[in-house]
Amino acid sequence: MLHNHCNQGDIKDDIAEILVSEEEIRQAVKTIGAQICRDFEGEDLVVIGILKGAVAFMADLIQEIHIPIEIDFMAVSSYGQGTTSTGEVRIYKDLDISVEGRSVLIVEDIIDTGITLSYLKRVMLSRGAKDVSIATLLTKPSRRERHVALDYIGFEVEDKFVVGYGIDYAEHYRNLPFVGVLKPEIYG
């Protein structure tokens, strides 16, 4: 079961190993931000964060994008309440702005099966987006069920149960400043 911790020092005790450090994340965000600036110079760019996991990554990433952008958010899931994808994607919160004729950059915390991102890319294109790119902090290629082209990748990781920097287990651990592997006894 989840522990009820009062401070971050305690939740760090639930981590078996740090997979991606704060400094490594910071460097990756700067690199990706610079690439986005080059790639979308002069474009009408909409940056869409996928709630809730992408919030930390997106907040840091948009500070590294030095071209005009508009941001919005979507809440979607293919997981329901479990830890494995159901294969059915649901939109819980849709966009407030139109993507028609615009370049879209979807920002995600982790690409696992690819089901959600494959679906979202089709949705954006069906809504008239000029093009759709994807930026993700983490990718787990070994778990891929649907091919989805990833344009900006922070880190490729093994199939481990990761949390931190926006990624949760049962809505906890998002506030860790690094990406770590959760101890099996916590979720097992």
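Just so you know, these numbers come straight off a predicted model, no measurement behind them.

*Asks:* Sorry, what's going on with the nonpolar core here?
*Replies:* One broad trend across soluble globular proteins is that nonpolar side chains are buried collectively. Of all hydrophobic cores here, the largest spans 29 residues; its most connected members are Ile36, Phe57, Leu61 and Leu138. Contributions of two or more residues to this core are made by α2 (22–39), β2 (45–51), α3 (55–62), β5 (103–111), β6 (131–139) and β7 (152–156). Take this core: its biggest share by element is six residues, from α2. With residues up to four places along the chain from it excluded, the contact list for Phe57 reads Val29, Ile32, Val107, Glu108, Ala135, Thr136, Leu137 and Tyr165. One finds Ile48, Ile106, Ile134 and Leu150 within the second-largest nonpolar core, a separate group that totals 21 residues.

*Asks:* I keep staring at unusual backbone geometry and nothing clicks. Help me out?
*Replies:* Glycine aside, a negative phi is what most residues show, and trans is what most peptide bonds show. Here the residue pair Leu51 and Lys52 is connected by a cis peptide bond, since its omega of -5 degrees sits within 30 degrees of zero. You can see Lys52 is positioned in the loop between β2 and α3. In the Ramachandran plot, Tyr165 falls in the positive-phi region, its phi being about 50 degrees despite a non-glycine side chain. Looking at the element boundaries, Tyr165 is found in the loop between β8 (162–163) and β9 (179–182). Backbone geometry places Glu171, a non-glycine residue, at a positive phi of 70 degrees. Following the sequence through the fold, Glu171 ends up in the loop between β8 and β9.

About the thresholds
Residues numbered from 1 in each chain as written. Predicted model: local features only at pLDDT ≥ 70, side-chain atom pairs only at ≥ 80, totals over all residues. Heavy atoms only, no water. Core = buried A, V, L, I, M, F, W, Y, C linked by side-chain atoms within 4.5 Å. Buried < 20%, exposed > 50% of the residue type's maximum accessible area, 1.4 Å probe, protein only. Helix = DSSP H or I, 4+ residues; strand = E, 2+ residues; numbered from the N terminus. Contact = heavy atoms within 4.5 Å.

Read these as geometric descriptors, not functional statements.
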